[in-house]
Amino acid sequence: MQEFINLYQDHRVEIEKFLIETIRNNGQCLQPHVVGMKGFFSILPSLELVYITDKSFVQISPNVFKNKTNKSAVGKNRDYLVSKVKSRDELVSISEPYISSATGESCVTVMIADGDYYYFFDFNLPTLLTRFGLVERHQLFNLVTKSFYLVIGLSLMFFSIMSIGYAFYDYVIQLNHLEQYSLESIFKPIISLTMGLAIFDLAKTLLEREVFFKAYSDKKDDARLLAKFLTAIIIALSIEALMVVFKVALNDPAQMLYALYLIVGIALIILSLAFYNKFVIKKPEN
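The rules behind the values
Residues numbered from 1 in each chain as written. Predicted model: local features only at pLDDT ≥ 70, side-chain atom pairs only at ≥ 80, totals over all residues. Heavy atoms only, no water. Helix = DSSP H or I, 4+ residues; strand = E, 2+ residues; numbered from the N terminus. Buried < 20%, exposed > 50% of the residue type's maximum accessible area, 1.4 Å probe, protein only. Contact = heavy atoms within 4.5 Å. Areas by Shrake-Rupley, 256 points an atom, 1.4 Å probe, with all protein chains shown as cover. Core = buried A, V, L, I, M, F, W, Y, C linked by side-chain atoms within 4.5 Å. UniProt positions renumbered as here; feature names shortened; annotations may be inferred. Phe/Tyr/Trp six-rings, centres within 6.5 Å; stacked < 30°, edge-to-face > 60°. Lys NZ or Arg CZ within 6 Å of the ring centre and 35° of its normal. Expected span 1.5 Å × (residues − 1). Arc of directions from axis to C-beta. Pairing = 2+ DSSP bridges.

Where an unreviewed UniProt entry is consulted, the chain appears under the name General glycosylation pathway protein, with the organism given as Hydrogenovibrio marinus.

Here it is in structure tokens:
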């Protein structure tokens with residue numbers, strides 16, 4: 001939601017001007033009855049809710065949605081909402097983005113004074129940004145994309161749990177065969193746990209960004225995600241390198257050169273990550 005808010009703030013002037021002028025130019029729909037209010041839904045596709053209050057800000061109309069009405073809100077005092085809107089002129093006020101209690105979606109509210117009534121228009125924020133071309137969304141494509149990411153994300157979580165489970169399973173097997181118990185018996189579960197953690201973190205971020213909340217504006221999050229994943233990989237490889245050093249030192253010191261190659265490779269990955277972190281993730285914005 002924060003990214004939607006940032007986009008809205010960057011284009012606030014144009015969006016507010018459009019909403020105000022559109023409502024004013026269709027003043028014939030400003031009627032204190034359901035039929036009149038529903039006329040705005042065909043004009044403003046991002047509109048999700050309309051209702052009317054009297055001068056005391058007590059709601060006198062039902063909540064009017066595009067395809068239904070809800071009379072349970074009649075009689076509610078909307079004075080709390082009035083304190084959140086900021087006046088744009090004598091007759092129009094607009095709120096900051098917030099989560100609507102009626103729909104559970106992020107929205108902005110436009111309040112129009114007309115005679116003895118106040119008209120409240122709730123606009124769905126993601127849809128509003130989409131109409132202005134600031135966010136690209138297509139219902140069918142989004143459904144397919146989210147479904148794909150959901151399957152991949154859950155699959156990654158499954159295999160991360162399998163990796164963690166294997167760590168404990170392998171360690172229990174080693175405990176049951178103490179004659180084969182060695183330093184490797186400790187290192188292998190640690191590597192499996194580290195990889196399981198890295199995969200789970202990747203799956204969690206994937207589901208958060210692509211399924212439960214679609215990220216649009218902060219491209220540096222992708223860089224941070226890669227850095228976190230590489231860090232887990234470096235830790236796992238470092239443990240593996242340490243294990244190789246011990247095995248080679250104990251069994252065949254002549255093969256120590258191959259352990260050195262592995263350590264040098266890990267050092268190069270660390271240097272690459274440091275370079276990436278400095279010049280990509282923490283690059284100052286102009």
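On we go.
Chemist: Please provide a residue-by-residue account of the overall build of the chain, values included.
Modeler: Counting its regular elements, the chain contains nine helices and eight strands. Per-residue burial over the chain gives 37% buried out of 286 residues. Sequence-distant contacts in the chain: of pairs separated by 6 or more residues, those separated by 24 or more amount to 56%. Per element, the accessible surface of the chain, about 16,900 Å² overall, is 63% carbon and sulfur.

Chemist: How would you summarise the nonpolar core if you had to cite specific residues and measurements?
Modeler: Judged by nonpolar contacts, the single largest core of 29 residues is most densely connected at V110, F121 and F123. Where this core is concerned, the elements lending two or more residues are α1 (2-10), α2 (12-25), α3 (34-43), β1 (47-53), β5 (92-95), β7 (106-114), β8 (117-124) and α5 (125-131). In this structure, F123 is in contact with L19, I23, L44, S46, L47, E48, S106, C107, V108, V110 and L128, ignoring residues within four places of it in sequence. Core analysis: the second largest hydrophobic core is formed by eleven residues, L49, F57, F65 and Y98 among them.

Chemist: Which residues make up the environment of V35, and what values do they have?
Modeler: Looking at the element boundaries, V35 is found in helix α3. Separated by 29 residues in the primary sequence, V35 and V64 have C-alpha atoms spaced 9.5 Å apart.

Chemist: So, the UniProt feature "transmembrane region" (unreviewed entry) in the chain: which residues are in play, and what are the values?
Modeler: In this structure's numbering, the residues bearing the UniProt feature "transmembrane region" (unreviewed entry) are residues 147-169, 189-207, 227-250 and 256-276. Along residues 147-169, the helical share is 100% and the strand share 0%, with 32 Å between the first and last C-alpha atoms.

Chemist: Describe the side chain of T22, listing the residues and the values that go with them.
Modeler: Relative to the helices and strands, T22 is located in helix α2. For T22, the contacting residues outside a window of four places in its chain are I43 and L44.

Chemist: Please give an account of the packing of aromatic side chains that cites residues and values.
Modeler: Applying the stated criterion across every chain yields a total of six aromatic pairs. Taking the centre distance of 4.7 Å and the plane angle of 35° together, the rings of F57 and Y118 count as tilted. Linking F57 in the loop between β1 and β2 (63-64) with Y118 in strand β8, this pair joins segments that are 61 residues apart in sequence. For F57, a relative accessible area of 14% translates into the label buried. Pairing F158 with F159 gives two aromatic rings, centres 5.2 Å apart and planes at 75°, and the pair type is edge-to-face. The ring of F65 carries the charged tip of K68 above its face, separated from the ring centre by 5.2 Å.

Chemist: Give me the lowdown on the environment of Y169, citing residues and values where you can.
Modeler: Relative to the elements of secondary structure, Y169 occurs in helix α6 (residues 139-176). As a C-alpha pair, Y169 and P189 span 20 residues in sequence and 8.7 Å in three-dimensional space.

Chemist: So, α2: which residues are in play, and what are the values?
Modeler: The terminal C-alpha atoms of α2 lie 20 Å apart, and with 14 residues this matches the ideal 20 Å at 1.5 Å per residue to within 8%. Listing the buried residues of α2 in full gives R12, I15, E16, L19, I20, T22 and I23. Taken around the axis of α2, the buried residues stretch over an arc of 165°, which confines them to a single face. Exposed side of α2, more than 90 degrees from the buried face: V13, K17 and N25 are the residues found there.

Chemist: Break down the pairing of β5 for me, citing the residues and quoting the values.
Modeler: Where burial is concerned, the two faces of β5 agree: the one with V92 and I94 and the one with S93 and S95 are both buried. With antiparallel pairing between neighbouring strands as the criterion, strand β4 (residues 85-87) and β5 make up a hairpin whose turn holds four residues. Two strands pair when backbone bridges link them, and β5 and β7 are joined in this way by three bridges, in the antiparallel orientation. Paired with S93 across the bridge in β7 is M111.

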